[in-house]
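Take a look at the letters that make up each chain.
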Amino acid sequence: MTRGEYIREVSASLKRLTKREREAIRQELDGHMEDHMESLRELGYDEELAEERTIAAMGDPAEVGRELNRQYPFRWLVVRWLAKLLASWVLLVLLALLLFEGPVSVRVSIQERYQPDMSHHYDPSGRTVAEAYPEIEFQVGDDVVRVLRVCTYRSIPWGHLMAFVNLDSYDQQFMGTAGRKEMILESQSGEQGEVLIAGPYDWWNAGDGCVAIGPEDTHVTLRYDIYGESGSIRIPLPEGEPP
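Conventions adopted
Residues numbered from 1 in each chain as written. Predicted model: local features only at pLDDT ≥ 70, side-chain atom pairs only at ≥ 80, totals over all residues. Heavy atoms only, no water. Helix = DSSP H or I, 4+ residues; strand = E, 2+ residues; numbered from the N terminus. Buried < 20%, exposed > 50% of the residue type's maximum accessible area, 1.4 Å probe, protein only. Salt bridge = Lys/Arg side-chain N within 4 Å of Asp/Glu carboxyl O. Core = buried A, V, L, I, M, F, W, Y, C linked by side-chain atoms within 4.5 Å. Pairing = 2+ DSSP bridges. Axes fitted to C-alpha atoms, helices over the stretch in contact; angles between N-to-C directions.

Asks: Could you give me a rundown of the environment of Pro215, with the residues and numbers involved?
Replies: The topology assignment puts Pro215 in the loop between β7 (209-212) and β8 (219-226). Owing to a relative accessible area of 72%, Pro215 belongs among the exposed residues under this scheme. Distance in space between the C-alpha atoms of Pro215 and Met162 is 9.5 Å, their sequence separation being 53 residues.

Asks: Can you tell me about the pattern of salt bridges, naming the residues and giving the values?
Replies: Where charged atoms from two side chains of opposite charge approach closely, those side chains can pair. For the structure on display, the rule yields ten salt bridges. Ionic pairing is found between Glu34 and Arg41, a salt bridge with its closest N-O pair at 2.6 Å. With relative accessibility at 22%, the residue Arg41 sits in the partly exposed group. Put simply, Arg3, Asp30, Glu34, Glu38, Arg41 and Glu47 are held in one network by salt bridges that share partners.

Asks: Please give an account of the nonpolar core that cites residues and values.
Replies: Ranked by internal contacts, the top residues of the largest apolar core, which has 25 residues, are Phe138, Leu167, Met183, Val220, Leu222 and Ile235. Counting residues per element, the ones that place at least two in this core are β1 (126-132), β2 (136-140), β3 (143-155), β4 (161-171), β5 (181-186), β6 (192-197), β8 and β9 (229-236). Of all hydrophobic cores here, the second largest spans eleven residues; its members include Tyr6, Leu14, Leu29 and Met58.

Asks: Give a description of the sheet that holds β6 that names residues and reports values.
Replies: If you trace the four strands from one edge of the open sheet to the other, you get β6-β5-β8-β9, paired in antiparallel fashion. Single-partner strands in this sheet number two, and they are β6 and β9. Between one strand and the next, the sheet's axes are offset by a mean angle of 25 degrees, whatever the strand orientation. One ladder, built from eight bridges, connects β8 with β9; its direction is antiparallel. Within β9, the position partnered with His219 by the bridge is Pro236.

Next comes the structure, spelled out in structure tokens:
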């Protein structure tokens, strides 16, 4: 639901207002929602998520409309109450930003979603053959797992051809902590390697899976059985040898 659709649903519940009064309430609601979204955008939310959180904070549009009808002719007191409620919610978010000292900070939570830090991820020991950055992600429980990079390399000292993936994971709940997950990376011939992955503060165990592959292999498969869910994700291998 968009902001406009929310306001239209509230307006549809208003039965005893003139056209001018209805438009005045529409503008009042729209203005308060825009102020709330602007506060969230300043905290790093993108446009879509800021709108979604604002609508959720407003509550059910039909119920808001019914409350305005019940309070008539005191409807403007209700609008002011909603404005104060939204302002208080924004203040709580700002306080969390300044004071929160839990396992995942606001900055890290936002970064993990939109700009994952590859500098902390493990690199295999060997000569890189090729690498790619696939846009692959999937959900397990409340966590989102992303394939950030896949590369092939020659192991030292034997020169065996290997495949390796960098993964990360984050909790869908804002400032939540992703759980530790164990998975299997498998080649087309059935060779397997363990993958351990958790959240932003467990990067030393993130994406350290590697497996021997054949020169004709075109993909590896990530298999998981976590939180009562199981599945497999095919990851295409990059092509080419370095010059």
